[in-house]
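A closer look at the structure
Here are the chains, one letter per residue:
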Amino acid sequence: KAGVTQTPRYLIKTRGQQVTLSCSPISGHRSVSWYQQTPGQGLQFLFEYFSETQRNKGNFPGRFSGRQFSNSRSEMNVSTLELGDSALYLCASSLGWGETEAFFGQGTRLTVV
Amino acid sequence: ILNVEQSPQSLHVQEGDSTNFTCSFPSSNFYALHWYRWETAKSPEALFVMTLNGDEKKKGRISATLNTKEGYSYLYIKGSQPEDSATYLCAPSSNTGKLIFGQGTTLQVKP
């Protein structure tokens, strides 16, 4: 069974630009969550989508947004990039309930210069 | 769910030593507690998901216990091996699967 796939793996963007990251979940998983990890920080929850609806949202500015498609694939968008947005962005898919484990992708390493 | 704390922050042990880490979380509105192992250059991998007070899970040399009333979980590794070197993350979850991760405990096992 294929795992969670994130594209691209690495990305370099300039301050002020926008970026879109993609996540393809495990087949049958309806929940996709996004996390940010910056140096010295743990995994910070961004948002979670379930059946195309945003069900949970973390404490991030409105520049961070996402969506989920009918095939459960999800995209995350960051507009007006700032240097502080440089981070590893991980997505995780699950069946969607708190007692089910999440499966993580390899992540997208975003560098903002 | 706020204030998930893990201790110690890092740990260096010799091969063969047994070790344990602590995860503290608010006991109110508890739904489930997840443990993940994150090796360098890999993705976080689920170890356990626990929901019941007093629950104990085991996978090989690794086991975990849960106390939902006082809001803590312990992860034990018996006879640590170099391949156990990783960051161990705990995360309480809501009923909808939102995970709030602690900062993790980084374990280094020396051969």
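Structure: see above.
Residues numbered from 1 in each chain as written. Chains lettered and ligands numbered in written order. Predicted model: local features only at pLDDT ≥ 70, side-chain atom pairs only at ≥ 80, totals over all residues. Heavy atoms only, no water.

Residue T7 of chain A is joined to P8 of chain A through a cis peptide bond whose omega torsion reads -10 degrees. For P8 of chain A, the location among the structural elements is in the loop between β1 (5-7) and β2 (10-13). A cis amide bond, omega -5 degrees, links S7 of chain B with the succeeding residue P8 of chain B. Tracing the chain through its elements places P8 of chain B in the loop between β1 (5-7) and β2 (10-14). The backbone of S51 of chain A sits at a positive phi, close to 50 degrees, despite the residue not being glycine. (Helix = DSSP H or I, 4+ residues; strand = E, 2+ residues; numbered from the N terminus.)

To continue, consider the interface of chain B and chain A. With 23 residues of chain B at the contact, the number on the chain A side is 23 residues. Taken over both partners, the interface formed by chain B and chain A buries close to 1,700 Å², and the fraction arising from carbon and sulfur atoms is 57%. Our enumeration of links across chain B and chain A arrives at zero salt bridges. Taken together, the elements giving at least two residues each to the side of chain B that touches chain A come down to β4 (32-38), β5 (45-50) and β9 (86-93) of chain B. Residues belonging to the side of chain B that touches chain A are distributed by class as follows: twelve nonpolar, nine polar and two charged. (Contact = heavy atoms within 4.5 Å. Buried area = accessible area lost by both parts, 1.4 Å probe. Salt bridge = Lys/Arg side-chain N within 4 Å of Asp/Glu carboxyl O. Nonpolar A, V, L, I, M, F, W, Y, C, P; charged D, E, K, R; others polar.)

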